[in-house]
Amino acid sequence: MKQFSSMCGLIAAVVLLIAAASCNAPSRGKLLHNVPASASMTAIVNFSDLTDAGLTDENASKISSDLKEMRAVVSNANSDGVAAFFTQGSGLDLTVFAVDNDDNFTAKLTDAGYVSEGGEGAEFKIFTNQESNLHIALSKLTPGFAWMAECRSSQELAEAVTNAVNLSGKNNITEYKGLAEYLENGNGAVIMAFNCHQLDEKLPLDGDESQWICSQLTINDNTIALNGQRMLSTGKPVEIPGFTTISNDFLRYVPDNAAIVAAVGLTPEVDWDAASRLVSAFNREANFAISLILPYLKSIDGTVAVAAVPREGADINNPSPDMIDFLVMARMPQKEVNDAIEQIRSLAEQTGFNPQTDKEGVTTVNLGDMTVKLGNLDGYLTLSTLPLDGKANNSFAPDMEGKEGAMVCVVPLSWLSKDRQGTLRSVFNLTSSGYSLKLTAPGAQSDILPLLLSL
């Protein structure tokens with residue numbers, strides 16, 4: 001009899017779980033029906049999960065003056081604490097969220113010091129607060145939902161909501177089945193979809209061939225993880241040509257106390273012209289430098305590696321060129337390696353330095369604050385202020401092995417504040433269609449999210 005009761009209890013628990021899951025998906029789906037398909041970025045934010053992970057009023061206000069208020073507003077509106085945030089190009093950035101009960105919600109807004117504009121018959125009822133730039137709207141256009149934005153006036157919010165409702169009524173984000181499934185079914189505290197057309201205008205803006213970078217932020221077991229992939233709006237992964245597996249050969253030149261170790265495996269298929277356009281879009285002053293190095297970038301065929309090593313006694317609070325040793329290695333055809341070495345050596349001579357080349361072909365340039373070694377090392381174009389004897393030992397191989405791209409950052413928390421203990425460690429991995437980032441804080445005296453927000 002006891003076994004039968006236990007079985008019934010188990011079945012009841014499973015049914016409840018299935019019911020809960022089935023309730024969650026439609027609620028997000030209905031929420032996303034308010035988001036126009038033309039939104040350049042959409043994010044589902046679960047404030048309840050963020051609160052459970054350590055987001056508080058105090059540390060939320062350090063990120064944004066209005067984040068604390070947004071968290072409170074959404075949590076007062078619905079029991080899930082879930083909202084959808086989206087951007088509309090040059091338009092107003094909007095947040096939309098479900099409201100469980102309009103009367104209870106408006107009462108809580110009033111208790112929090114918000115004042116309403118718009119009577120019972122008005123199409124919009126907008127709440128403002130003198131201590132915040134946030135405007136909150138309830139509209140007859142979207143019963144069961146509220147809208148929120150940082151804006152200058154109630155009219156600006158009303159116009160933005162009206163425009164979003166008109167656009168989403170014609171075509172909303174759920175029309176893209178792959179994106180909708182990703183946003184609805186993800187279990188992250190934050191789930192995002194970003195339209196790649198914003199990075200490269202040659203890519204389709206909309207339709208089944210539009211490309212998106214989709215990411216999920218999760219916080220579990222005192223670890224922050226960000227996982228993402230590039231895909232079509234249908235959900236099909238998009239492979240970016242030009243990546244290959246990293247060779248770990250460079251690690252024998254990297255000491256164990258390196259603060260940053262990064263490597264990526266590249267082939268000549270990389271579209272360096274598109275990459276240069278992207279950099280130029282953010283920094284036009286870089287155009288000249290890009291034009292100088294672009295021919296060498298196009299000849300890379302293999303691993304490119306970078307390492308930064310703090311020198312003993314380096315004071316992070318007083319940065320200077322001589323506080324960091326570095327290593328840069330790039331695999332390319334030997335002719336290009338030798339041409340690059342000769343060009344750098346010639347430039348050093350023209351600028352008044354006296355480069356010295358030893359019998360192994362390694363050129364040394366004394367720059368005053370540092371001494372740089374330049375040479376063809378194991379087929380790599382190499383620049384370094386570190387010893388190049390190949391006898392270094394470290395523990396970075398597991399984070400690099402079999403990856404197409406990887407970066408490990410290890411920062412003692414005492415660098416950021418003398419009274420802090422522990423280390424902030426981040427591991428970033430890259431593939432031809434996605435990426436992952438994991439943040440941990442071994443030895444720290446607080447959970448990872450409050451720790452990050454306190455820095």
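Since the structure is predicted, the reported quantities are computational estimates derived from the model, not experimental observations.

Cut-off values and rules
- The residue numbering used here restarts from 1 in each chain and proceeds along that chain's sequence as written.
- Totals for whole chains, interfaces and linings use all residues, but because this is a predicted model, local features are given only for residues with pLDDT of at least 70 and pairs of side-chain atoms are given and counted only at 80 or more.
- Here the side-chain values reflect all heavy atoms present in the structure, with hydrogen atoms and water set aside.
- Counting from the N terminus, the helices are DSSP H or I runs at least four residues long and the strands are E runs at least two residues long.
- Throughout, a residue-residue contact means that at least one pair of heavy atoms, one from each residue, lies within 4.5 Å.
- Surface exposure here means Shrake-Rupley accessible area, sampled with a 1.4 Å probe, where a residue is shielded only by the protein chains that are shown.
- The charge count treats Lys and Arg as positive and Asp and Glu as negative. His and the chain ends do not count.
- Note on charges: their place is set at NZ of Lys, CZ of Arg, CG of Asp or CD of Glu.
- Exposure is judged per residue with a 1.4 Å probe applied to protein chains only, and the accessible area is read against the type maximum: over 50% gives exposed, under 20% gives buried, and values in between give partly exposed.
- The criterion for a disulfide is a pair of cysteine sulfur atoms lying within 2.5 Å.
- The pocket and cavity definitions rest on a 1 Å grid over protein atoms only: a 1.4 Å probe that fits but cannot leave marks a cavity, an open set with protein on both sides within 12 Å along at least five of seven lines marks a pocket, and residues lining either have an atom within 4 Å of a point.
- Grid points are joined across faces, edges and corners, and a volume is the space filled by probe spheres set on the points.
- What goes into a patch is any residue over 30% in relative accessible area without a salt bridge, connected to like charges within 9 Å or, for nonpolar side chains (Val, Leu, Ile, Met, Phe, Trp, Tyr), within 5 Å.
- Salt bridge criterion: a side-chain nitrogen from Lys or Arg within 4 Å of a carboxyl oxygen from Asp or Glu.
- Helix axes are fitted to C-alpha atoms over the stretch in contact, other axes to C-alpha atoms as well, and angles between N-to-C directions run from 0 to 180 degrees.
- Any angle that falls under 35 degrees is termed roughly parallel, while one over 145 is termed roughly antiparallel, one within 65 to 115 roughly perpendicular, and all others oblique.
- In a left-handed crossing the near helix is turned counterclockwise from the far helix by less than a right angle, and in a right-handed crossing that turn is clockwise.
- In the scheme used here, Gly and all other residues not listed as nonpolar or charged are polar, with Ala, Val, Leu, Ile, Met, Phe, Trp, Tyr, Cys and Pro taken as nonpolar and Asp, Glu, Lys and Arg as charged.
- Throughout, nonpolar core names a set of buried Ala, Val, Leu, Ile, Met, Phe, Trp, Tyr and Cys residues whose side chains join them through atoms within 4.5 Å.

1. Some words on the overall build of the protein chain
- Broken down by element type, the protein chain carries 13 helices and 20 strands.
- Along the first, second and third principal axes, the C-alpha atoms of the protein chain reach 85 × 60 × 45 Å.
- The contacts of the protein chain with a sequence gap of at least 6 include a subset with a gap of at least 24, amounting to 60%.
- By element, 54% of the accessible surface of the protein chain is carried by carbon and sulfur atoms, the whole surface being about 23900 Å².
- Of note, the protein chain has its 31 positive side-chain charges centred 3 Å away from the centre of its 54 negative side-chain charges.

2. Brief notes about the side chain of Thr95
- Its location among the elements puts Thr95 in strand β3 (residues 94-98).
- By relative accessible area, Thr95 is classed as buried at 5%.
- Ignoring sequence-local partners within four residues, the contact set of Thr95 consists of Met70, Ala83, Ala84, Phe85, Ala146, Trp147 and Met148.

3. Some words on the state of the cysteines
- Per the counting criterion, the structure on display carries 0 disulfides.
- Of all cysteine sulfurs, the one in Cys214 lies closest to Cys196, which takes part in no disulfide; the gap is 8.4 Å.
- Relative accessible area serves as the criterion here: at 1%, Cys196 is assigned to the buried category.

4. Section: the layout of surface pockets
- Roughly 1100 Å³ of internal volume is contained in the largest pocket.
- For the largest pocket, the lining is made up of 33 residues, of which Arg230, Ile240, Phe243, Ala275 and Leu278 are closest to its centre.
- Elements with a minimum of two residues in the lining of the largest pocket: β9 (211-220), β10 (223-232), β11 (260-266), α8 (272-282) and β20 (434-440).
- Residue contributions to the lining of the largest pocket peak at 6 residues, all from α8.
- Computed from the structure, the second largest pocket encloses a volume of approximately 700 Å³.

5. Describing a nonpolar patch on the surface
- A surface patch of nonpolar side chains, about 300 Å² in accessible area, is lined by Leu199, Leu278 and Phe282.
- By the element assignment, Phe282 lies in helix α8.

6. Some details on the packing of helix α4 (residues 67-77) against helix α5 (residues 102-111)
- Their axes nearest at 9 Å, the elements α4 and α5 cross at an angle of 150°. Looking at the two axes, α4 sits roughly antiparallel to α5. Considering how the two elements wind past one another, α4 and α5 form a crossing that is right-handed. Contact residues: α4 offers Val73, Asn76 and Ala77, while α5 offers Phe105, Lys108 and Leu109.
- Tallied by class, the residues present in the contact of α4 with α5 amount to 4 nonpolar, 1 polar and 1 charged.

7. Quick look at the nonpolar core
- Formed by 37 residues in total, the largest nonpolar core has its most connected members in Phe47, Val73, Phe97, Phe105, Ile136 and Met148.
- Taken together, the elements giving at least two residues each to this core come down to β1 (41-46), α2 (47-52), α4, α5, β6 (134-139), β7 (145-150) and α13 (448-454).
- If you tally residues by element for this core, the top one is α4, at 5 residues.
- Not counting residues up to four positions away in its chain, the partners in contact with Val73 are Phe97, Phe105, Leu109, Tyr114, Ile136 and Met148.
- Judged by nonpolar contacts, the second largest core, of 35 residues, contains Trp147, Leu157, Leu183 and Ala193.

8. Some points on the pattern of salt bridges
- Counted by the stated rule, this structure contains 8 salt bridges.
- Between Asp57 and Arg71 there is a salt bridge whose closest N-O contact spans 2.5 Å. Of this pair, Asp57 sits in helix α3 (residues 57-63) while Arg71 sits in helix α4, and the two are 14 residues apart along the sequence.
- Taking the relative accessible area as the measure of exposure, Arg71 reaches 14% and is therefore buried.

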